Every structure is written in C-alpha cells, then in structure tokens.
Amino acid sequence: MRITTDQIQFTNKPREVSHAREFNFLAENLEKKGINVEQLIQKLQAFQIAIPSWALGTGGTRFGRFSGGGEPATLIQKIQDIGILHALNRSSNSVSLHIPWDIPQDYDAILQAAAEAEIGFDAVNSNTFQDRTDQSLSYKFGSLSNNDQTIRELAIEHNKEVIRIGEKLGSKALTVWLADGSSFPGQHSFRKALQSTYESLQEIYKELPSDWKMLVEYKPYEPYFYSTVIQDWGTSFLLANKLGDKAFTLVDLGHHLPNTNIEQIVATLMTEGKLGGFHFNDSKYGDDDLTVGSIKPYQLFLIFNELVSGFEETANPSPAWMIDASHNLKDPLEDLLQSVEAIKLAYAQALIVDQIALHAAQASHDVTFAQEILQDAFRTDLRPLVRESIRQSGGAITPIHSYRELKVRETLIKERGKDSKASGL
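Residues numbered from 1 in each chain as written. Predicted model: local features only at pLDDT ≥ 70, side-chain atom pairs only at ≥ 80, totals over all residues. Heavy atoms only, no water.

- Per an unreviewed UniProt entry, the chain goes by the name Putative sugar isomerase and belongs to Cecembia lonarensis.

Below is the structure:
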C-alpha cells in the first residue's frame, strides 16, 4: 500500500479552516514574544526520526503476543510501512535495521523499495543477545564479554557482518547493545568481563569505515539482574572514550533506573562531545518501551531543552534520532505516529524557551523565575505549529486521523492477511 499526495490532501480538506485558525492564533502570539515562527517550522521540518525495523509489528511479553494482522512479514514490507508513516508525517525518512532479524537478501530490491518510499538507512543494530537457529556456539553466558575466546570471536564477526551489510545500504553507524551480564554474585569477574568487552569492541571499531560512528548503548538490568557489563552511561562513556573519536554513547530513555536525571546525563555527554544518539520511548517502571511522551512528557521536554542549548553551546556532533518501542496493545503504526508527534512537540517546546532569560535567572539564582520560564514553554500548546510544519511538507495535518480515514490497517490486512506476522519478533 502507498499513500498518495491526493489522498492526504483529501483528508486534510475538512481540517484546513480550523487548523489555519488555530495556527494563526498561535503564530501571532509567538511573534509577539519575538519568536520567528518560520524558523521554527524549518527546524521542525528538518528534524527526522528513524523508525526501527523491529517496531513495525506487534510486540509482546513472556505471557503472550497478540498480533493485529497485516504485519510486515518481509524487510521490503517493513520499508513500505515506514513509507506510509513518512507520507503521513513527513518526519520518518529512514529505517534502523536489526540484524539478523532483518538481513537483506536482495540488495537491489531493498534499495529500490527504499527509494520508492523515500526512505534511507540509519544506524544498523547488531544482536548478540540471542542465538541464531544455525549457531553452533551459544551466547547464553555472554558474547563480547564471554570467557570463551571462540564465542567472543563469533560475536565480533557478527558485528563486522552488520557493518558490511550497513555499507551496502548506505548506513553510517553501528549500534551495539550488549546484553551480557550476570544473574548471581560470583558468576563472573566484573573486571575481566569489562576488559574482554573493551577488547572485543576494539576489534569491531577497527572495521568501522572512516565516516562511520559506533554507538555504545547501556542498560542497568535485563536480561541479567545482578549485573550488566555496560550498566550505565558512565561505563558507555568510558568505553567510547577509550575506543576513539568514532565511538559515542547512545541514550535509550528506558534504560535507566527510576527517577534518574536523564537530562543531566545528556548535558554531560554533550559537553564532552560524546552524545551519539537517542532511542526514544517512555516508561513507568523500567524498560517498558511505551509510546514516547505517554508517561513523562515533562521529562522529555527537559531533555530536549538540554539538547537545544547543547546544540548552541557545545561541539557535540548531530546525534542519531531513533525510536525504540514495543507495541503490545496498539496498532504499531498508530503508536509510531503518536511517538513521532510527541518527539517533535517536545523539540518545538524546547525551541521556544527564552534561553537568554533563563541564563539570567540562573546567574541571579532566581529559582522561581527559572521554573516559570521552562513551564511557560512546556505549557504552550504547540501542536498547531507541529501540524503546520507537516502540512507545509506535504503531510497530513493530523496523521492519526488520516491514517484511520484512509483505512490503512484494513488495507494492509487485505493485502497481507490477518495472520501475517512481523519478521524477527
């Protein structure tokens, strides 16, 4: 299924008058505050969020998985689904592949499908947290950190394979999420596990093309619950620093213990020039992988406030922006549309923060006014601004409504069948 410009304009038509009224009212108020609305729109249009290939199907828990039908059973179908998202929101112009769940078989066909959908290839993701069906050695007790050198070499070679796949597709980054760890005290040596991991990453780092990045992810727990080898941003930062200029820390919003100050982590990493990318999601208890902005929208705004100021005040390179979510109950495409909108809304809110006034309040220790400045931006309803940026780019004024009115899921079920399951899940 492909969504045409005419279809989008058809669904936009009934909303144009009310949208114009809401946007013009907002724009007038913003201009009165000295905010250049056209510049805001341009920044929002340029901000693109990669869609992970694993998020296009229904996820699940250890209790079960309840598919909604019409899921993309092949990589080409996944690319086509992202094309649907991008046609609607003009904000999702790339896919982040997970290997081996989505190994390209016919590169020419994959690249052609991507070109037709106006989709590029963001970071490629390696997987050494589970064994392949034809794998003779097991990652049960670790991969890059394993005591067995032959298992470490297998994991290293997998990451090198992922780099080679990414090169053929035009990707420029490798994301390494290492699930290695221990469930019981004494299970392994902390020092040896970390050193083996560093040495393994060194071998992978040597294979990076000159214009690539390595993004090192971290997580405090799961699948192991006593320790994980790369348990926090500090360990990731340590490894990235030791590896070299092409290695960076990747921040997943769900990979933190409750009440962690993620915005402070972001500020520190940007100061050191080592913030490499984001995996956006939301959580209540842990790595819940919920819709972005569904639980902690103010935290998301505060993170973007640090990002926006960091863009101006540090030399940190432009990060990779990706969603990492599991859609257990919702239609995955609807969930992704909601997540992208929440991300762009938080970005827009951060863009209107009066940074000069905020710095003045900070300098004079005016705690009350500093809070007022931030909350004034956060409480400003900028949805009409986000929608106008999408409309001007040729997308749907309200992507969710257009998605439903065009009966996208129903069409996908007719084309693929109600029992079609997403590959890799």
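More follows now that the structure is in view.
Thoughts on the overall build of the chain
- For the chain, the count of helices and strands is 16 helices and 11 strands.
- What you see for the chain is a C-alpha radius of gyration of 22 Å, in line with the 22 Å of a compact globule of 425 residues.
- Counting only C-alpha atoms and orienting by the principal axes, one finds that the chain spans roughly 65 × 60 × 40 Å.
- Across the 425 residues of the chain, 55% fall into the buried class.
- In the chain, 41 side chains carry a positive charge and 55 a negative one; their mean positions are 3 Å apart. (Helix = DSSP H or I, 4+ residues; strand = E, 2+ residues; numbered from the N terminus. Rg over C-alpha atoms; globule rule 2.2 N^0.38 Å. Buried < 20%, exposed > 50% of the residue type's maximum accessible area, 1.4 Å probe, protein only. Lys, Arg positive; Asp, Glu negative; His and termini not counted. Charge placed at Lys NZ, Arg CZ, Asp CG, Glu CD.)

Digging into helix H2 (residues 16-32)
- Helix length check: H2, at 17 residues, gives a terminal C-alpha distance of 24 Å against a target of 24 Å (1.5 Å per residue), a fit within 8%.
- Among the residues of H2, those classed as buried are His19, Phe23, Leu26, Ala27 and Leu30. Within H2, the buried residues cover an arc of 105° as seen down the axis, which keeps them to one side. Facing away from the buried side of H2 by over 90 degrees, the exposed positions are Val17, Arg21, Phe25 and Lys32.
- Looking at the buried side of H2, the elements it contacts are helix H3 (37-46) and helix H14 (383-392). (Expected span 1.5 Å × (residues − 1). Arc of directions from axis to C-beta. Contact = heavy atoms within 4.5 Å.)

Describing the sheet that holds strand E9 (residues 247-252)
- Strand order in this open sheet of 6 strands is E4-E5-E7-E9-E10-E11, and the pairing throughout is parallel. Here the strands that pair on one side only, and so sit at the sheet edges, are strand E4 (124-125) and strand E11 (320-323).
- Sheet topology note: the strand E5 (residues 173-176)/strand E7 (residues 213-217) ladder contains 4 bridges and is parallel. Each residue of the ladder has a partner; that of Leu174, found in E7, is Met214.
- Packed onto the sheet, helix H6 (residues 149-169) meets E4 and E5 and runs at close to 150° relative to E5.
- Sheet strands in contact with helix H9 (residues 262-271) are E9 and strand E10 (275-280), and its direction is about 155° off that of E10. (Pairing = 2+ DSSP bridges. Axes fitted to C-alpha atoms, helices over the stretch in contact; angles between N-to-C directions.)

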